[in-house]
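Structural description and commentary
Each chain, letter by letter, is given below.
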Amino acid sequence: MATLPVENLAAQQQNRPYKRLGVNRSRGQLRSELIEAAREILRDGSYEKLTIEQIAAKATISRRTLYNLFQDKDDIYRQTCEHLIKTVGDLMVDEIPERMSAIDGIRFYVASCMEIYSNAATKDLLRIVVRDGAQHPWIAKAYSKQIRLPLIRVCELFILKKTRRAPMANGAPYHVGAQIADIVKFQVIGPLIFGLDNVSVDMSAEQLDIIIQAYAGIIDGTAQKSFSVSQAARG
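Residues numbered from 1 in each chain as written. Predicted model: local features only at pLDDT ≥ 70, side-chain atom pairs only at ≥ 80, totals over all residues. Heavy atoms only, no water.

The angle between the axes and the distance between the axes are what describe a pair of packed helices. At their nearest, the axes of helix α6 (residues 102–118) and helix α7 (residues 120–132) sit 5 Å apart, and the two run at 65 degrees to each other. Between α6 and α7, the angle falls in the class roughly perpendicular. Contacts between α6 and α7 involve I116, Y117 and S118 from the first element and A120, T122, K123 and L126 from the second. A per-class count over the contact of α6 with α7 returns four nonpolar, two polar and one charged. (Axes fitted to C-alpha atoms, helices over the stretch in contact; angles between N-to-C directions. Helix = DSSP H or I, 4+ residues; strand = E, 2+ residues; numbered from the N terminus. Parallel < 35°, antiparallel > 145°, perpendicular 65-115°, else oblique. Contact = heavy atoms within 4.5 Å. Nonpolar A, V, L, I, M, F, W, Y, C, P; charged D, E, K, R; others polar.)

Okay, here's the thing in structure tokens:
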């Protein structure tokens, strides 16, 4: 009888079907369902309140099957957080097109931040960071390293390119990106991550646009200054 290559056997094992209330599910599907169940439970509670029994019941999967897929509570908690980080990371843009004007670039950045912070995965992730960050500092560090800092650097790089002839003060482009991202985060989910689901931040689109114009004006002012100096040098 012909034997399958090792990699094919591994793939078969990965997709080996389990029984779930009379319905077949692959190993990967069951893992996804358990992670989704843990995610839903964590919306309303912290790591301390999360239990294997809750997760299994929520996913209608036996504890025995759960332990075939995850080592323990810490394993499923970590993989749930990592899944959320990857989901949010997939929403992020790599750069602001340099051809954009300062104001269009900042509007593009604000829209990108809005999309990220309005996403359900981001809200779930930040709830976990706020509730469990002190007990599990790795989740706060992972959020900062993989989401917050790359998002800020998108704006920082755009500003550096726009003001390359007359650079802003050291660190200023980074802080502009951070301030804009934090304004949007607070606007979209500030109260939500503290459990105030029905509270909205009272900032209109017009007020937000004033902030955009102010930051764009700083960038344009630096760019215009560099242009004038360059013109004078040629003259």
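Quick look at unusual backbone geometry now. Not every positive phi belongs to a glycine, and T60 is a case in point at roughly 50 degrees. Here T60 lies in the loop between α3 (52–59) and α4 (63–69).

Overall, the coordinates contain two aromatic pairs when judged by the stated rule. Ring centres of Y47 and Y77 lie 4.9 Å apart, and the angle between their planes is 75 degrees; on these two criteria the pair is classed as edge-to-face. A residue pair is termed long-range when its members are at least 10 positions apart, and Y47 in the loop between α2 (27–44) and α3 and Y77 in helix α5 (residues 73–89) qualify at 30 residues. There is no split in this pair, since Y47 and Y77 are both buried. One aromatic cluster is present, formed by Y47, Y77 and W138 through successive ring pairs. In this arrangement the basic side chain of R31 is found over the ring face of F70, its NZ or CZ atom lying 4.5 Å from the centre. The side chain of K73 reaches across the aromatic face of Y47, ending 4.1 Å from its centre. (Phe/Tyr/Trp six-rings, centres within 6.5 Å; stacked < 30°, edge-to-face > 60°. Buried < 20%, exposed > 50% of the residue type's maximum accessible area, 1.4 Å probe, protein only. Lys NZ or Arg CZ within 6 Å of the ring centre and 35° of its normal.)

Once that is clear, we can look at the pattern of salt bridges. Applying the stated criterion across every chain yields a total of 11 salt bridges. The salt bridge involving D124 is made with R43; its shortest N-O contact spans 3.0 Å. Of this pair, D124 sits in helix α7 while R43 sits in helix α2, and the two are 81 residues apart along the sequence. Accessibility expressed as a relative area gives 4% for D124, which makes it buried. Residues joined by salt bridges that share partners form a network here, namely E36, R39, R43, D124 and R127. (Salt bridge = Lys/Arg side-chain N within 4 Å of Asp/Glu carboxyl O.)

Now for the environment of E156. Along the chain, E156 falls in helix α8 (residues 137–162). Along the backbone, E156 and V176 are 20 residues apart, and their C-alpha atoms lie at a distance of 7.4 Å. Contacts of E156, omitting those with residues within four sequence positions, involve P173 and Y174.

Okay, the nonpolar core next. Generally speaking, soluble globular proteins have nonpolar side chains that are buried together. Membership of the largest hydrophobic core comes to 60 residues, with the highest contact counts inside it found for L34, I55, Y109, Y117, L125, L151 and I180. The biggest single contributor to this core is α8, with 10 residues. (Core = buried A, V, L, I, M, F, W, Y, C linked by side-chain atoms within 4.5 Å.)

The next subject is the packing of α6 against helix α9 (residues 172–189). The N-to-C vectors of α6 and α9 enclose an angle of 45 degrees; their axes lie 9 Å apart at closest approach. Of the possible angle classes, the one that applies to α6 and α9 is oblique. When the axes of α6 and α9 are compared, the crossing they make is right-handed. Two secondary-structure elements touch here, α6 through I106, Y109, V110, C113, M114, Y117 and S118 and α9 through G177, I180, A181, V184, K185, Q187, V188 and I189. (Left-handed = near helix turned anticlockwise from the far one by under 90°.)

Here the focus is α7. An ideal rise of 1.5 Å per residue puts 18 Å on 13 residues; α7 measures up with 18 Å between its terminal C-alpha atoms. Among all positions in α7, only A121, T122, D124, L125, L126, R127, I128, V129 and D132 are buried. Turning to α7, the residues buried within the fold contact α2, α5, α6, α8 and α9. The opening residue of α7, the one whose side-chain oxygen lies 2.8 Å from the backbone nitrogen of A121, is N119. (Expected span 1.5 Å × (residues − 1). Polar contact = N/O pair within 3.5 Å; in protein donor to acceptor, adjacent residues only side chain to side chain.)

We now examine the confidence of the model for the chain. Overall, the predicted model of the chain reaches an average pLDDT of 83, with 78% of residues at or above 70. This model gives residues 9–13 a pLDDT under 50, and the stretch forms three contacts once residues within four places in sequence are excluded. In the predicted structure, residues 225–235 sits below a pLDDT of 50 and forms three contacts with residues beyond four places in sequence or in another chain. (pLDDT = per-residue confidence, 0-100.)

By the definition in use, this model includes zero disulfides. No disulfide involves C155; its sulfur sits 7.7 Å from the nearest other cysteine sulfur, which is in C113. With a relative accessible area of 0%, C155 lands in the buried category. (Disulfide = S-S within 2.5 Å.)

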